[in-house]
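Structural features, examined
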Amino acid sequence: MIQHTVVLKLKYPKGSPEEKEFLSAAAKLALIPGVHNFQSLRQTGKKNDFDYCLSMEFDNMVAYEAYNTDPDHNRFVATYWAKYVEKFLELDYEPII
């Protein structure tokens, strides 16, 4: 299992039309084959300045790599990610045991 998590800060303010558009587009990533347990989360703490988290799981590295090359994923990155995201941190983990 691969746990893929991205924390991010948008260029646009919370509650803006751009925020809603980005989050709506991001939710569609859950429909890409191989994506499991997709979550779109909003930051509640004050320990970092990232506002959102997108988290999902893949059965294995093959499924994760297929997601990374999927046309819908690439379209999301080109259309929304590049335009809306100010900064991000990507975290990919697999269970130790």
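Before reading on, note that the structure itself is shown above.
Rules of the game
Residues numbered from 1 in each chain as written. Predicted model: local features only at pLDDT ≥ 70, side-chain atom pairs only at ≥ 80, totals over all residues. Heavy atoms only, no water. Axes fitted to C-alpha atoms, helices over the stretch in contact; angles between N-to-C directions. Helix = DSSP H or I, 4+ residues; strand = E, 2+ residues; numbered from the N terminus. Left-handed = near helix turned anticlockwise from the far one by under 90°. Contact = heavy atoms within 4.5 Å. Nonpolar A, V, L, I, M, F, W, Y, C, P; charged D, E, K, R; others polar. Buried < 20%, exposed > 50% of the residue type's maximum accessible area, 1.4 Å probe, protein only. Pairing = 2+ DSSP bridges.

What follows covers the packing of helix 1 (residues 17-27) against helix 3 (residues 71-84). Any two packed helices are characterised by the angle at which their axes cross and by the distance between the axes. Close contact between helix 1 and helix 3 brings their axes to 11 Å; oriented N to C, the two are set at 145°. Remark: the crossing between helix 1 and helix 3 carries left-handed chirality. Contacts between helix 1 and helix 3 pair E18, E21, F22, A25 and A26 from the former with F76, Y80, W81 and Y84 from the latter. Residue classes in the contact of helix 1 with helix 3 are distributed as seven nonpolar, no polar and two charged.

Let's shift gears to the environment of S40. By the secondary structure assignment, S40 is in strand 2 (residues 36-42). Looking at S40, the relative accessible area reads 38%, which means it is partly exposed. Considering only alpha carbons, one finds S40 and F50, ten residues apart in sequence, at a separation of 13 Å.

Overall, antiparallel pairing links the four strands, which are arranged 2-3-1-4 in an open sheet. Two strands bound the open sheet, and with one partner strand each, they are strand 2 and strand 4 (85-93). Across the sheet, the mean angle separating the axes of adjacent strands is 15° when strand polarity is ignored. Where strand 1 (residues 2-10) and strand 4 come together, eight bridges link them in antiparallel fashion. For V6, the partnering residue across the bridge sits in strand 4 and is E90. Against the sheet, helix 1 engages strand 1, strand 2, strand 3 (52-58) and strand 4, with an angle of about 170° to strand 2. Taken strand by strand, helix 3 contacts strand 1, strand 3 and strand 4, and its axis lies near 115° from that of strand 4.

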